[in-house]
Every structure is written in structure tokens, then in C-alpha cells.
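Structural features, examined
Given next are the chains, with one letter for each unit.
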Amino acid sequence: SHIPSDSSVPPAILEMQGAEAADLLAQPIRLPCGAVLPNRICKAAMTEGLGDEWNRATTRHDALYRAWSKGGAGLLITGNFQVDRRYVERPNNVCIDGKQDEDRLSRLRSYAKAATINGNHCWPQISHAGRQCDIKVNKVGLAPSAIKSNNLGGYSSLLPSWVPKAMTLDDIEDTKERFVYAASVCQEVGFTGIQLHAAHGYLLSSFLNPNANQRTDQYGGSVHNRSRLLLEIVAGIRKACGSKFPIGVKLNSSDFQKGGLTFEEAMEVAELLDNAGIDLLEISGGNYENPAMASGDLLGVGVSKSTIIREAYFLEYARGIAQRVKKVPIMLTGGMRSRKVMESALESKSCQLVGVGRPLIGMPDAPNKLLERSIEAMPAYENEIQIPWTLQWIKTFRLGRIIAGFSVHMWCYRCLISLGDSELPYAHERGVKHTPLSSFLYMDSFDKRCAASLKGLGCEGVVLNAKPSHAARASTAAAVLGAAAIATGLVWRWKHT
């Protein structure tokens, strides 16, 4: 195998060999299951939306992940692999839904091979969007309770939602089986582990959130009960895939909203997962109601303004969780760009792995460059594509910060497609090709086309199988964001000409 053998590394989680180590980021780490990651840099999950009309993997995935594999990160975590096509995070997510025929398996094998070509690990992020499913495909999501998501903290007209269907016990059993089956398929086709997405307000996260989960049965109430579905899925995957197959979990350090999952509760969940024998715990935060994962500026929880905290949004939370768990390594994701901050987080033992996302969109080989010390920091493209200085004043308002966040996300989505098409291999060398305006307009059209083209689905969204009134509602939301994007884009063009 191209993955390092267990015998090449000392037992248990590898320590970083002290401060005298040549490069903390280059040190390998052995996970509790025995698998070895070749270094401490992980490509965090980012939604790609590159599947086809049947939600199958495509050659775009191969190209994208081959570039990232060659780029040097020890672990690549993919964007969402959905377990139910009816409840996707974006229309063209890859889905493992029902028995996979040979064509689907062949596509996934090609994806896995490309993503591990450099001897790294690649883990699909297995997910169910729940009540945050893309309304273009299905306006009625699935949730622990029939409680609507108040998207964007009161600005839900920008991201509309409907009251979801409360899950029955049969729904819960079906969902567990879907997650376990998806993990088994990932193992079969050659992926080297999986990550369960239990953060950002998607289904598993919503079970943990008291605001979304008001059940009175064994899946609601106490922290342990709210964790039950996640823990049962972990146990099912371990039974199906064996003791040596890595299982990771992405967990919110907090929902950062009144009545949501608190930090104290997140630490309890982390302990339960540690005892359940998972192999990697990634720390993040927020959901569609308060999208803290998008930017440290959105947290609103009195976080220190030092350089380290500005770069590492969830560092203080990761440190607290690391002190509560005994076996599972912690992966910290969110804003880290410089070697100084990454090494500081590792040295403090707040985490054992560092997750990065957006820098690898424009510089796929950033991990290699950092490990080779040809750069001291990865690019912060989000700073280049933020709202220009002439419009910075709107960020004093929450709506302005939301618009700024949308512009960053649309740019990222657009560049991922270009990288998958091999059109934009190195944004840092060719300049930032896509503007906020062009990115927003392109992605709005792209995702709508993808939703309309989906085959074999009977669910009703505001685009797929849409009623006229729902289509009009979606157009209104797009128009509001479009106007903001046009204003931003015009000033951006003026500034950069």
C-alpha cells in the first residue's frame, strides 16, 4: 500500500518529538485505529457541487483531488457525500443512496485513486443535510423535530427555509442504515477512511442542538440522548468496516446561538465520541442560523483579537476539548494561514492536526510549499475578495457581514469548478481570475441549472419540480443577493482596473 505501514511509527498517537523537531507540521501521526497520516496538514471539507444529474462522481472530482493529493496534505477530506438524494446540501453533491451499480462504483474508485495518488489519506465526508437541505431541490427537509431553521439570524429572506418533517423512529433507523452503507461503499472503492459531518446544522448536528431537537423519546432531551444517533452510526460503521478503518467526526464547538449546543455540551459529546473509539475529531462551529464557520468576525462571543485567534477561529474551544479527551486527536479548522499560528496551535497541544480549506483552492500545492519552507503563510484569498474599502462600512451591520461572507463563498465555489476543469491551477500565479460579481452570477445560474437537471427525484423544490409561487420566491432572494453582488462587483472592478 502507498499508505505508511503501522510498523514504521511508534505506538499510539505520535508526539511531535519536542520543540527541537525540524518541522512540527511534517511529523506523521498514528491514529487510534493504527492508520498513519504522513503529516499534520489536512485539507478540510469544502462543498464542490461537481456531481452529475444522478449525483454521481465525475472526472472533475478526479482532477480536483489529484491536484490536492499532489499538493502535499497528509489528509484530504472531501465535500459532502450525501446519504439521501432528496436532502442534499447542494444540487450536485455526490450521493451514495441505495445499492451502487458498477458504473457508480467505478466512478468512485477513480475518485479515490486520484485522491490518494501521493500516498496521502482521503476521507469522504458523509452527511445528510437535514432541515438545511437545498431548497432548490427539496423545500421540506428532514429533522429531529418539525422546527424551521431561522436562517441567517433573521435574514431568512436571503436563504429561505420551510418547516421540516419530524423524523419517525423508522426514519431514524433508515438514516442509520444509509450512513453505515455509505461508509462501507467508501471503504470498498478505496477511500482510506470517512468523516461524519455532525457540525454546521446538518442532520446529525441538528440532533445535538436543543433548538432543533425537542424530541421526548430516546433521541431527545439530555446530551447523551441527543448524541445517541451519532454514536449509533459510529458503532454501526465500526462493526461494518472493522477496527482498522479510520472514522472521523466533525463537531461544532458550539452553535453560537441562544438555546443551541453549548461549549460545555460539546465537550461532553467529545468525551462520548472519544469513548466510542473514533479516530479524529475536527472542531468547528455555527450553522445556517449563525454561520460562525464562515468567519471569525461572525462569532460575536468575545474572542480575543490577537493574531493567533484571528487566524484560528476556534482555537480556545479546541484547547478545552483537547483537555477533556484521552485518545482521539483533535483537528482544528478555521482561518489558519501562517506557519507561526499553525505551529503554535500544535505546540500548545490544542490540536494535533491543522485543517485548511480556501488557500488550497488557488494554491493546491500550498502544503508542499509550507513544508518545504518556500512560503511562511498560505494565501488568504478571502482578504482579496472581501467587499472593497468603499463598502467596508456595511460590515458594521450583520447584513453587511452576511453579504461579505456570501461573496467569499461564491468565489470559492466558482474557483473549485475551474480547478476541476483544470482552468485555474494556480490562482496565486495568475491572479484572482474571478470577481465577486461574476462568481455570484455564475454560481446562481450554475446551481439552478444543476437542480433543474437532476433525474429520478420526485421531491418538490423551488427549482426542481417547482410550483410557480416557490420559483418566484427563490427569484426574489436571488435578486436581493444579486443587487448586493452587483454593487460589490462594480466597485471591485473599479478598484482593480
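Just above, that's the structure.
Residues numbered from 1 in each chain as written. Predicted model: local features only at pLDDT ≥ 70, side-chain atom pairs only at ≥ 80, totals over all residues. Heavy atoms only, no water.

1. A closer look at the overall build of the protein
Our working definition: A helix here means a DSSP run of H or I that spans at least four residues, while a strand means a run of E at least two residues long, and both kinds are numbered starting from the N terminus. Whether a residue is buried, partly exposed or exposed follows from its accessible area with a 1.4 Å probe, protein chains only, as a fraction of its type maximum: under 20%, in between, or over 50%, in that order. Only heavy atoms enter the contact rule, under which two residues are in contact if any of them lie within 4.5 Å. With residues, only the protein chains shown are counted as cover, and all accessible areas are computed by Shrake-Rupley using a 1.4 Å probe.
A count of helical and extended segments in the protein gives 17 helices and 13 strands. Of all 497 residues assigned to the protein, the portion counted as buried reaches 62%. A separation threshold of at least 6 residues defines the contact pool for the protein, and within that pool the share at least 24 residues apart is 72%. For the protein, the accessible area works out to roughly 18200 Å², and carbon and sulfur atoms hold 54% of it.

2. Quick notes on the pairing of strand E9 (residues 194-198)
The buried fraction of E9 is high, at five of five residues. Of the two faces of E9, both are covered, the one formed by Ile194, Leu196 and Ala198 as well as the one formed by Gln195 and His197.

3. Examining unusual backbone geometry
Its identity as a non-glycine residue notwithstanding, Lys349 has a phi of 60 degrees, on the positive side. With respect to the helices, strands and loops of the structure, Lys349 is situated in the loop between helix H10 (339-347) and strand E13 (353-356).

4. Details of helix H7 (residues 263-276)
Cut-off, in case you're wondering: Expected helix span is taken as 1.5 Å per residue step, with the number of steps being one fewer than the number of residues.
The first and last C-alpha atoms of H7 sit 20 Å apart over 14 residues, in line with the 20 Å expected at 1.5 Å per residue. Those residues of H7 that sit buried are Glu265, Ala266, Met267, Val269, Ala270, Leu273 and Asp274. On its buried face, H7 is in contact with helix H4 (203-208), helix H5 (223-226), helix H6 (228-241), strand E10 (247-252), strand E11 (280-284) and helix H9 (315-322).

5. With respect to the packing of H7 against H9
Basically, it comes down to this: Simply put, an axis is a line fit to the C-alpha atoms, just over the touching stretch for a helix, and the angle between two N-to-C directions goes from 0 to 180 degrees. To sort the angles, those under 35 degrees are grouped as roughly parallel, those over 145 as roughly antiparallel, those from 65 to 115 as roughly perpendicular, and the leftovers as oblique. Take the far helix as your reference; a near helix turned counterclockwise from it by less than a right angle gives a left-handed crossing, and one turned clockwise gives a right-handed crossing. Think of it as three bins: nonpolar holds Ala, Val, Leu, Ile, Met, Phe, Trp, Tyr, Cys and Pro, charged holds Asp, Glu, Lys and Arg, and polar takes everything else, Gly as well.
Two numbers describe how H7 lies on H9: the axes approach to 9 Å, and their chain directions differ by 45 degrees. Regarding the angle of H7 to H9, the classification is oblique. Seen from above, H7 lies across H9 with right-handed handedness. Facing H7, whose interface residues are Phe263, Met267 and Ala270, H9 presents Tyr317, Gly320 and Ile321. Across the contact of H7 with H9, the residue classes tally to five nonpolar, one polar and no charged.

6. Regarding the side chain of Glu89
Counted only if it meets this: Asp and Glu count as negative and Lys and Arg as positive, but His and the ends of the chain are not part of the count. The rule for a salt bridge is simple: a side-chain nitrogen of Lys or Arg has to be within 4 Å of a carboxyl oxygen of Asp or Glu. In the analysis that follows, any N or O atom pair within 3.5 Å is treated as a polar contact, provided that within protein one partner can donate a hydrogen and the other can accept it, and provided that, for residues neighboring in sequence, both atoms belong to side chains.
Tracing the backbone shows Glu89 in the loop between strand E4 (75-82) and strand E5 (94-95). Of the side chains with opposite charge, Arg90 comes closest to the buried, unpaired Glu89, at an N-O distance of 5.1 Å. Engagement of the side chain of Glu89 in a polar contact is seen with the side chain of Thr47, the distance being 2.9 Å.

7. Looking at the state of the cysteines
Test applied: Note on terminology: disulfide denotes any pair of cysteine sulfur atoms within 2.5 Å.
The full count for this structure, using the stated rule, is zero disulfides. Unpaired in terms of disulfides, Cys459 finds its nearest cysteine sulfur in Cys133, a separation of 8.2 Å.

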